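So the chains spell out like this:
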Amino acid sequence: MARIRGRHAARRAATTAAGHRRRGGLRSARYRRGLGGTAVAAVVMAALTASQAPGVELAGDGGADRPGSAGDRTPGDDEYATELPPLESPHPPGTSEPGGSENTSGIPASVLAAYQKAARSLASRTPGCGLRWELLAGIGKVESGHARGGAVDKDGTTLRPILGPVLNGNGFARIKDTDGGRWDSDTTYDRAVGPLQFIPSTWDRWGVDGNGDGRKDPNNIHDAALAAGGYLCADGRDLSTGAGLDRAVLSYNNSSDYLRTVLAWFEYYRKGTHAVPDRDLSVLPTTPGVGESGSGSSPGAGRRGADPADDRPGKPNRPGEPSKPGKPDEPGDPDEPGDGDDGGGKPSPEPTGPHAIERVGAGKFTAVAGEDFTGHPVVRVETAKGKGVKGVEVRFEVRGETEAAFEGGARSATVTTDAQGDATAPALGAGGRTGDFTVRATVPGKKLGSVDFTASVTAPRADTLARTSDVALEAGKGGKFAEAVEVKATRKGKAVANTTLTATFGDEEEAGPYFGKDEQGTPIRRLADLKTGADGVVALPELFAGDRPGTYTLTLTAEGGAGVQVKVVVKG
């Protein structure tokens, strides 16, 4: 019972100290009427500490006295930093106002730059999300104390790994290794990694290259900040609204205390912050819960709020703890008892609704004018875990200057995803106009972006050439053939107009049949750029026998490779 009372006390104290965005954020004057800022902070800290499981040791509390390294501590339920910002508004360095909080409001320069860069990037990629860099800063503060006070190299990679506990089922969920030890140096079990604490399997899905070095590294603050921002914007969330912001933070860790702590720092940083030198720990507060390299108490690494199979930066449940996924838009009221930290806590619901629309299979299709495309654009609508979502309407739209259309001449068609989450566009007719166009797939009413397919319509090419007559071509030496050579180009039995052909007797034929003479009087034995008419037929010029009797072969070839050979006989 003491543990539960402690948790409820933590909620009440955190609610009082941190306030809530909808009630206007932090209101220092209100609190000072009852207690001084220091006293309130002490009460809050005591309550939050009371919410830890028995035996939990905060950073620097003597864990080094236990066997092994300082990292051999056993983390508790909510091993994120519980420190709250000061009640007074932040002031930049050099101000003379009493109680100035320049030390607390400072953010290491490299880390601050990464937060701001990630927010700018996401503003262009997902303009409807409304992510502010101060939210990334709030989470970064709670998760790792801003990468341990900016302990990063010039590229933004942490100087030492920031690792969560070994997820071996001993006080935590059991997650067998998913990355071959690549990120967490553990080939048996997984551990959360980096300044924003991603589980390797989660990083595998959400990881991005935030600094353009060609790598996706959870230990790099630029990569991790951009990935965390993308995760927070998942499922089309709008973080400019209170509900959207709550859902985003709770998806990281479904704990009301965590939500209030992050939002307290979020509001605090919005009121003012400044860059401080990297690794200048003298201007950064000591943050309980921030683990060292290999520590079993890395921030958030042991907190509940994620299912072992969950694809989120948050960490997994303890064994046997009930997992009760809900809808992504209904994380529950964070003020209700039992929603985050006590024995009835529920894991943060993995978004089960549409989170992304992805291309399946080929992205480019080609068809011949007048025919149907043989392939079909296919997309998959997925949850944040990459699972297909059934029953989602997908709209395919033909875009560009083209005669291509779906059945009935429609320029758009709506298809519902199947059990695998796939939607396949209907058959698409190429039309008679050649050129390129785009088929775009979207999910109406959802901010999931779009998937474009490139389509090309090419001119038809003959698959068959044939003479239009079976009359033998014979002429006497020095004479002229009575009948002209005439051939027809067809494709699938239909005439092909404007097809280019060549006709030749071959270079070795120097005294045989020829098609007239050029200006210099030289016999012409090769013709190029012959064009079929609307009926697919082309008639060759007059053919002369030449002076050498014999049997000759005239070869005609159409663009695309179709050809025919015609026997020509010169009699002596």
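Preceding this paragraph is the structure being described.
Residues numbered from 1 in each chain as written. Predicted model: local features only at pLDDT ≥ 70, side-chain atom pairs only at ≥ 80, totals over all residues. Heavy atoms only, no water.

**Some words on the overall build of the protein**
Inference 1: Along the protein, the regular secondary structure elements total 10 helices and 21 strands.
Inference 2: Taken across its 572 residues, the protein has 51% of its residues classed as buried.
Inference 3: Of the roughly 24,800 Å² of accessible surface on the protein, 48% is carried by carbon and sulfur atoms. (Helix = DSSP H or I, 4+ residues; strand = E, 2+ residues; numbered from the N terminus. Buried < 20%, exposed > 50% of the residue type's maximum accessible area, 1.4 Å probe, protein only. Areas by Shrake-Rupley, 256 points an atom, 1.4 Å probe, with all protein chains shown as cover.)

**Describing the pattern of salt bridges**
Inference 1: Summed over the entire model, instances satisfying the criterion amount to 14 salt bridges.
Inference 2: Among the salt bridges present, the one from arginine 395 reaches glutamate 397, with a minimum N-O distance of 3.3 Å.
Inference 3: Looking at arginine 395, the relative accessible area reads 31%, which means it is partly exposed.
Inference 4: According to the relative accessible area criterion, glutamate 397 is partly exposed, its value standing at 24%.
Inference 5: Of the charged contacts in the structure, one is a salt bridge between arginine 440 and aspartate 452, with a shortest N-O distance of 2.7 Å. Here the residue arginine 440 occupies a position in strand β11 (residues 435-442), and aspartate 452 occupies one in strand β12 (residues 450-458), the gap between them amounting to 12 residues.
Inference 6: Exposure remark for arginine 440: the relative accessible area of 24% places this residue in the partly exposed category.
Inference 7: On the basis of relative accessibility, which here comes to 33%, the residue aspartate 452 falls in the partly exposed class.
Inference 8: One salt-bridge network, held together by shared partners, links Glu371, Arg491 and Lys492. (Salt bridge = Lys/Arg side-chain N within 4 Å of Asp/Glu carboxyl O.)

**Points about the sheet that holds strand β5 (residues 378-382)**
Inference 1: Pairing in this open sheet of three strands is antiparallel, and the strands run β3-β5-β9 from one edge to the other. In this open sheet, the two edge strands, each paired with only one partner strand, are β3 (356-360) and β9 (422-424). With direction set aside, neighbouring strand axes in the sheet form an average angle of 30 degrees.
Inference 2: Of the pairings in the sheet, the one linking β5 to β9 comprises three bridges and is antiparallel in character. (Pairing = 2+ DSSP bridges. Axes fitted to C-alpha atoms, helices over the stretch in contact; angles between N-to-C directions.)

**Side note on helix α5 (residues 109-125)**
Inference 1: Spanning 17 residues, α5 covers 24 Å between terminal C-alpha atoms, matching the ideal 24 Å at 1.5 Å per step.
Inference 2: Taken residue by residue, α5 has Val111, Leu112, Ala114, Tyr115, Ala118, Ala119, Ser121 and Leu122 as its buried positions. (Expected span 1.5 Å × (residues − 1).)

**Digging into the sheet that holds β12**
Inference 1: Across the sheet, which stays open at both edges, the five strands sit in the order β4-β12-β11-β6-β8 with mixed pairing between neighbours. The strands lining the two open edges of the sheet, one partner per strand, are β4 (364-368) and β8 (412-416). Taken over all neighbouring pairs, the strand axes of this sheet differ in orientation by 25 degrees on average, direction set aside.
Inference 2: Where β11 and β12 come together, eight bridges link them in antiparallel fashion. Residue arginine 440 lies in a different strand from β12, and its bridge partner there is aspartate 452.

**Considerations on the side chain of aspartate 186**
Inference 1: By the secondary structure assignment, aspartate 186 is in the loop between α6 (133-150) and α7 (200-206).
Inference 2: With near-sequence residues (within four places) excluded, aspartate 186 lies in contact with Val166, Asp177, Asp179, Gly181 and Arg191. (Contact = heavy atoms within 4.5 Å.)

**Brief notes about the nonpolar core**
Inference 1: Grouped together as the largest cluster of nonpolar side chains are 50 residues, with contacts concentrated most on Tyr115, Leu131, Leu135, Leu232 and Tyr252.
Inference 2: Listing elements by their share of this core, those giving two or more residues are α5, α6, α7, α8 (221-232), α9 (242-252) and α10 (256-270).
Inference 3: Among all residues touching leucine 135, those that are not within four sequence positions of it are Leu232, Leu239, Leu245, Val249, Val262 and Phe266. (Core = buried A, V, L, I, M, F, W, Y, C linked by side-chain atoms within 4.5 Å.)

**As for unusual backbone geometry**
Of all residues except glycine, most have a negative phi; of all peptide bonds, most are trans.
Inference 1: Positive phi, normally seen in glycine, also occurs at glutamine 197, with a value near 55 degrees.
Inference 2: With respect to the helices, strands and loops of the structure, glutamine 197 is situated in the loop between α6 and α7.
Inference 3: The residue asparagine 498 is not glycine, and still its phi comes out positive at about 55 degrees.
Inference 4: Note that asparagine 498 resides in the loop between β16 (494-495) and β17 (500-504).

**Remarks on the state of the cysteines**
Inference 1: Applying the stated criterion across every chain, the model contains one disulfide.
Inference 2: The side chain of cysteine 129 participates in a disulfide bridge whose partner is cysteine 233; the two sulfur atoms lie 2.0 Å from each other. Disulfide cysteine 129 to cysteine 233: torsion about the S-S bond roughly -80 degrees, handedness left-handed. Note that cysteine 129 is positioned in the loop between α5 and α6 and cysteine 233 in the loop between α8 and α9, a separation of 104 residues in sequence. Take cysteine 129 and cysteine 233: they sit in the same class, and that class is buried. (Disulfide = S-S within 2.5 Å.)

**Focus on the packing of aromatic side chains**
Inference 1: Tallied over the full model, the rule gives 10 aromatic pairs.
Inference 2: The interplanar angle of 45 degrees and the centroid separation of 6.2 Å between the aromatic rings of phenylalanine 365 and phenylalanine 453 together place this pair among those described as tilted. Within this pair, whereas phenylalanine 365 is found in strand β4, its partner phenylalanine 453 is found in strand β12, the two being separated by 88 residues in sequence. The exposure classification of phenylalanine 365 matches that of phenylalanine 453, with both residues buried. (Phe/Tyr/Trp six-rings, centres within 6.5 Å; stacked < 30°, edge-to-face > 60°.)

Geometric descriptors of this kind do not, in isolation, establish any biological role.
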